[in-house]
Amino acid sequence: QVQLVESGGGLVQAGGSLRLSCAASGRSFSGSTMGWFRQAPGKQRELVASITNYGSTNYVDSVKGRFTISRENVKNAVYLQMNSLKVEDTAVYYCAAERISVSSYKYWGQGTQVTVSS
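The structure contained in this document is the topic of the report that follows. Only a predicted model underlies this, so the values are computations on that prediction, with no experimental measurement involved. (Residues numbered from 1 in each chain as written. Predicted model: local features only at pLDDT ≥ 70, side-chain atom pairs only at ≥ 80, totals over all residues. Heavy atoms only, no water.)

1. Observations concerning the nonpolar core
If you look at the biggest cluster of nonpolar residues, it comprises 27 residues, and the most contacted ones within it are Leu-4, Trp-36, Phe-67, Val-78, Leu-80, Met-82 and Tyr-93. At the level of secondary structure, the elements contributing two or more residues to this core comprise strand 3 (18–25), strand 4 (34–39), strand 5 (46–51), strand 7 (67–72), strand 8 (77–82), strand 9 (91–101) and strand 11 (112–117). Apart from the residues lying within four places of it in its own chain, the contact partners of Val-78 are Leu-20, Ser-21, Cys-22, Met-34, Trp-36, Ile-51, Ile-69, Ser-70, Arg-71 and Cys-95. (Core = buried A, V, L, I, M, F, W, Y, C linked by side-chain atoms within 4.5 Å. Buried < 20%, exposed > 50% of the residue type's maximum accessible area, 1.4 Å probe, protein only. Helix = DSSP H or I, 4+ residues; strand = E, 2+ residues; numbered from the N terminus. Contact = heavy atoms within 4.5 Å.)

Structure below.
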């Protein structure tokens, strides 16, 4: 059974940093695109960043220059380093694996809360 488990969320002041981790189990995702999504209260879920199996990355404009997505295939893991956090980054962050389309992935984690205070 495939599982994606996120960790690393929490409460941080604006300007601070957090590093999210996603550990996958049940199968290898070394050949798949993985991504991080977020959903804030009352807003639609949005793709924050994605990384292909070759290491090519994409980011939503609002996080470019502040967030970095990376992966470690040996550990079947993907990470999101978030720096210079803003209040508007507050959301539940979800790890996703095996991209079907830009915003559709086959496997999802349960989410981890990130709260940025002013």
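2. Thoughts on the pattern of salt bridges
Under the definition given, this model contains six salt bridges. One salt bridge connects Asp-89 with Arg-38, and the closest N-O pair in it is separated by 3.0 Å. Of the two residues, Asp-89 sits in the loop between strand 8 and strand 9 while Arg-38 sits in strand 4, which places them 51 residues apart along the sequence. A relative accessible area of 1% places Asp-89 in the buried class. Two residues, Asp-61 and Lys-64, come together in a salt bridge whose shortest N-O distance is 2.9 Å. Under the relative-accessibility criterion, Asp-61 is labelled exposed at 61%. Assessed through its relative accessible area of 48%, Lys-64 is described here as partly exposed. Several salt bridges converge on common partners, so that one network encompasses Arg-38, Glu-46, Arg-66 and Asp-89. (Salt bridge = Lys/Arg side-chain N within 4 Å of Asp/Glu carboxyl O.)

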